[in-house]
Amino acid sequence: MGFAITSVNSPGSGSNSVAIDVQDQITFGISGTNLEASSLNAPFPSVNQTNIGTFGAGNLGNFTDVTLSDGNLALSLTNDWPVSLSMDIEIVDTLNPSVPILSYSFNNVTANGGTANQNRSLVGITLPSSLGFNITSVSSPGTGSNSVAIDTQDGITFGISGTNLKATTVNAPFLR
């Protein structure tokens with residue numbers, strides 16, 4: 001691991017010339033903030049977080065909402081963390097995220113690429129164009145005092161897909 005000096009500040013010597021000896025000792029203060037590593041070996045801490053937040057998928061189209069008479073919505077989770085994890089996720093209208101449309105609960109998804117998939121029926125469900133998801137909890141036991149390889153690029157990936165979708169009603173604005 002290396003570091004680079006990006007700037008040096010000095011009050012200067014005014015307009016007086018000062019001889020600089022390249023053999024002189026220079027003392028640098030190094031701050032521990034904003035340090036970055038690509039990987040390390042360390043204990044992975046336990047996690048027990050709730051109400052992580054609501055994340056939007058953007059506007060799904062030029063419609064207000066659609067009510068379905070058939071179909072399924074599958075949600076997949078891939079865990080690239082070096083520890084197992086559990087996560088609760090709600091599909092929500094980002095304009096009213098306190099009312100879940102569908103709920104998914106993934107328990108003890110294995111570490112280092114473990115995956116879990118769940119399907120929910122969309123029969124009778126109304127999906128808004130402002131569809132998003134709300135992560136209501138994330139938990140992991142961590143590794144205790146045991147060190148594991150931690151790659152700072154590893155994360156948690158979600159996939160979502162709909163199958164056999166049949167709409168009974170679609171509400172959309174009339175275009176002029």
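Residues numbered from 1 in each chain as written. Predicted model: local features only at pLDDT ≥ 70, side-chain atom pairs only at ≥ 80, totals over all residues. Heavy atoms only, no water.

Student: Quick one: what's the story with the overall build of the chain, residue by residue and with numbers?
Tutor: Broken down by element type, the chain carries zero helices and 10 strands. Moving toward the C terminus, one meets the helices and strands of the chain in the order β-β-β-β-β-β-β-β-β-β. The burial tally for the chain puts 28% of its 176 residues in the buried class. Restricting the contact set of the chain to residue pairs at least 6 apart, pairs at least 24 apart contribute 84%. For the chain, the computed accessible surface area is about 11900 Å², with 51% contributed by carbon and sulfur atoms. (Helix = DSSP H or I, 4+ residues; strand = E, 2+ residues; numbered from the N terminus. Buried < 20%, exposed > 50% of the residue type's maximum accessible area, 1.4 Å probe, protein only. Contact = heavy atoms within 4.5 Å. Areas by Shrake-Rupley, 256 points an atom, 1.4 Å probe, with all protein chains shown as cover.)

Student: With reference to specific residues and values, describe the packing of aromatic side chains.
Tutor: This structure, assessed with the given rule, holds three aromatic pairs. Between the aromatic rings of F44 and W81, the centroid separation amounts to 5.5 Å while the plane-to-plane angle is 45°, which identifies the pairing as tilted. Within this pair, whereas F44 is found in the loop between β1 (39–43) and β2 (47–56), its partner W81 is found in the loop between β3 (65–79) and β4 (85–93), the two being separated by 37 residues in sequence. One aromatic cluster in this structure is built from F55, F133 and F158. (Phe/Tyr/Trp six-rings, centres within 6.5 Å; stacked < 30°, edge-to-face > 60°.)

Student: Pulling in residues and values, what's your account of the pairing of β3?
Tutor: Inspection of the sheet shows β3 paired to strand β7 (residues 126–128) by three bridges, in the antiparallel sense. Along β7, the bridge assignment pairs T67 with T126. Both β3 and strand β10 (residues 156–171) contribute to a ladder of 13 bridges, which runs antiparallel. By the bridge assignment, N79 is partnered in β10 with I156. Pairing between β3 and strand β6 (residues 114–121): eight bridges, direction antiparallel. Within the sheet, the bridge partner assigned to A74 lies in β6 and is N119. (Pairing = 2+ DSSP bridges.)

Student: Could you give an account of the side chain of D65, naming the residues involved and the relevant values?
Tutor: Looking at the secondary structure, you find D65 in strand β3. Buried D65, no salt bridge; nearest opposite-charge side chain is K166, N-O distance 19 Å. Within polar-contact distance, the side chain of D65 engages the side chain of N171 at 2.7 Å. Apart from residues no more than four positions distant in its own chain, D65 is found in contact with T126, L127, P128, S129, T169, V170 and N171. (Lys, Arg positive; Asp, Glu negative; His and termini not counted. Salt bridge = Lys/Arg side-chain N within 4 Å of Asp/Glu carboxyl O. Polar contact = N/O pair within 3.5 Å; in protein donor to acceptor, adjacent residues only side chain to side chain.)

Student: Got a sec to walk through the sheet that holds strand β8 (residues 131–140)? Specific residues and values, please.
Tutor: Judged by pairing direction, the sheet is antiparallel, and its four strands sit side by side in the order β2-β8-β4-β5 without closing on themselves. Every other strand in the sheet has two partners, leaving β2 and β5 (96–109) as the edge strands with one partner each. The mean angle between the axes of side-by-side strands here comes to 15°, regardless of whether they run parallel or antiparallel. The pairing of β4 with β8 spans eight bridges and is classified as antiparallel. Across the sheet, the residue bridging to D88 is S137, located in β8. (Axes fitted to C-alpha atoms, helices over the stretch in contact; angles between N-to-C directions.)

Student: Could you give an account of the confidence of the model for the chain, with specific residues and numbers?
Tutor: Averaged over all residues, the pLDDT of the chain equals 81, while 76% of them reach at least 70. Put simply, β1 is where the chain has its lowest mean pLDDT, 82, and β6 is where it has its highest, 97. Long-range and interchain partners of residues 1–10, a stretch whose pLDDT sits below 50, account for three contacts in this model, where long-range means more than four residues apart. Residue range residues 17–24 is modelled with pLDDT below 50. Its contacts to residues more than four positions away, or to other chains, number one contact. (pLDDT = per-residue confidence, 0-100.)

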